[in-house]
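Examination of the molecular architecture
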Amino acid sequence: MIGQRMERAMNEQIMHEAGSAYLYVSMAAYFHAKGLDGMAGWMKAQAQEEVGHALRLFNHINDRGGRIELLAIDKPQAEWDSPLAAFRAALEHEEFITGRIDDLVKIAREENDNAAGIMLQWFVTEQVEEENSVARVIDMLELIGDSGHGLVMADRELGQRIPGPLPTVASEGEAAA
Ligand SMILES: [Fe+2]
Ligand SMILES: [Fe+2]
């Protein structure tokens with residue numbers, strides 16, 4: 001059985017993960033409006049993975065006899081100054097999420113909740129990957145600078161991204177990377 005404090009914290013994290021998906025869908029809409037369909041596709045894949053993160057937490061709460069409570073998501077930002085500014089905002093957001101995951105790990109330790117502690121290790125590793133993948137795009141866009149040709153090439157490359165599978169049940173969630 002999951003403790004009340006962890007149940008509340010994980011329900012909040014479901015909101016943050018769904019909020020991440022909402023933000024990245026908003027960025028996808030921004031990129032489509034700029035004619036950058038590859039970057040829009042990258043953001044849609046990112047959004048789908050965020051839904052997967054929310055479902056992992058959903059499954060964990062549910063499997064441990066807790067109750068899922070969906071909280072309100074804020075309206076996301078819709079405009080950025082440039083593609084680079086949007087990806088920088090995405091990195092800033094991922095750094096915020098990493099801090100939330102670290103807080104969950106701290107709660108797991110304080111509550112002696114080993115089941116949550118083990119499950120959360122996946123998120124700790126995932127956040128390293130999340131920050132790194134966005135930082136690599138930022139590096140690329142900084143190199144490109146104001147080159148329209150470079151932006152078209154980057155857009156084509158980023159459009160290759162394929163999202164990972166969504167976890168439908170907890171056991172699948174643990175197996176899927
Ligand atoms: Fe996430
Ligand atoms: Fe993320």
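This structure is a prediction, so every number in the text was calculated from the model and none was measured. (Residues numbered from 1 in each chain as written. Chains lettered and ligands numbered in written order. Predicted model: local features only at pLDDT ≥ 70, side-chain atom pairs only at ≥ 80, totals over all residues. Heavy atoms only, no water.)

1. Comments concerning the pattern of salt bridges
For clarity, the cut-off: Any Lys or Arg side-chain nitrogen located within 4 Å of an Asp or Glu carboxyl oxygen qualifies as a salt bridge. Each helix corresponds to a stretch of at least 4 residues labelled H or I by DSSP, and each strand to a stretch of at least 2 residues labelled E; elements are numbered beginning at the N terminus. Note on exposure labels: buried denotes an accessible area under 20% of the residue type's maximum, exposed denotes more than 50%, and partly exposed covers the range between, all computed with a 1.4 Å probe on protein chains only.
One pass over the structure, following the stated rule, counts seven salt bridges. Between R88 and E142 there is a salt bridge, with the nearest N and O atoms lying 2.7 Å from each other. Of this pair, R88 sits in helix 3 (residues 83–110) while E142 sits in helix 4 (residues 114–144), placing them 54 residues apart in sequence. The partly exposed category is assigned to R88, whose relative accessible area is 41%.

2. Concerning the coordination of the iron ion (ligand 1)
Keep this limit in mind: Coordination partners: N, O, S within 2.8 Å of the metal, 3.2 Å for Na, K and Ca; water not considered, so apparent gaps in a site are possible.
Coordination of the iron ion (ligand 1) by the protein comes from E17 (OE), E50 (OE) and H53 (ND1), over a distance range of 2.1 Å. Ordering the donors of the iron ion (ligand 1) by residue number gives the pattern E-x32-E-x2-H. Classification of E17 as buried rests on a relative accessible area of 0%. What makes H53 buried here is its relative accessible area of 3%.

3. Some words on the coordination of the iron ion (ligand 2)
Applied cut-off: Working rule for geometry: tetrahedral if four donors all subtend angles between 85 and 135 degrees; square planar for four, octahedral for six, if opposite donors exceed 155 degrees and the others stay between 65 and 115; irregular in every other situation.
Taken together, E50 (OE), E94 (OE), E94 (OE) and E130 (OE) make up the protein donors of the iron ion (ligand 2), found 1.9 to 2.6 Å from the metal. Relative to the metal, the four donor atoms surrounding the iron ion (ligand 2) lie at angles of 52 to 149°, and the coordination shape comes out irregular. Donor residues for the iron ion (ligand 2) sit on one chain with the sequence pattern E-x43-E-x35-E. For the pair the iron ion (ligand 2) and the iron ion (ligand 1), the metal-to-metal distance amounts to 3.2 Å, and E50 bridges them. Note that E94 is positioned in helix 3 and E130 in helix 4, a separation of 36 residues in sequence. Of the two residues, E94 and E130, both sit in the buried class.

4. Regarding the packing of helix 2 (residues 37–63) against helix 4
Selection rule: Each axis is a line fitted through C-alpha atoms, and for a helix only the stretch in contact is used; angles between axes span 0 to 180 degrees, taken between their N-to-C directions. Geometric relationships in this document are graded by angle, where less than 35 degrees denotes roughly parallel, more than 145 denotes roughly antiparallel, 65 to 115 denotes roughly perpendicular, and other angles denote oblique. Contacts are assigned to residue pairs with any non-hydrogen atoms lying within 4.5 Å of each other. Under the scheme applied, nonpolar residues are Ala, Val, Leu, Ile, Met, Phe, Trp, Tyr, Cys and Pro; charged residues are Asp, Glu, Lys and Arg; polar residues are all the others, including Gly.
In contact at an axis separation of 12 Å, helix 2 and helix 4 are set at 170° when each is read in the N-to-C sense. For the element pair helix 2 / helix 4, the angle class is roughly antiparallel. Facing M39, W42, Q46, E49, E50, H53, R56, L57 and H60 of helix 2, the residues of helix 4 in contact are A115, A116, M119, W122, F123, E126, E130, S133, V134, V137 and L141. Of the residues contributing to the contact of helix 2 with helix 4, the split by class is eleven nonpolar, four polar and five charged.

5. Digging into helix 5 (residues 148–158)
The criterion, for reference: The directions from the helix axis to the C-beta atoms form the arc being described.
Buried within helix 5 are the following residues: G150, A154, D155 and L158. Looking down the long axis of helix 5, one finds its buried residues gathered within 140° of arc, a one-sided arrangement. For helix 5, the exposed residues lying more than 90 degrees away from the buried face are H149 and R156.

6. Notes on the nonpolar core
Short version of the rule: Residue types Ala, Val, Leu, Ile, Met, Phe, Trp, Tyr and Cys, when buried and joined through side-chain atoms within 4.5 Å, form a set referred to as a nonpolar core.
Counting 27 residues, the largest nonpolar core has M27, F31, M39, M43, F87 and L141 as its most contacted members. Secondary-structure elements contributing two or more residues to this core are helix 1 (4–33), helix 2, helix 3, helix 4 and helix 5. Considering every element that reaches this core, the biggest residue donor is helix 1, with seven residues. Apart from residues lying up to four places away in sequence, L141 is in contact with M39, P83, L84, F87, L151 and A154. Judged by nonpolar contacts, the second largest core, of 20 residues, contains I2, I101, I107 and F123.

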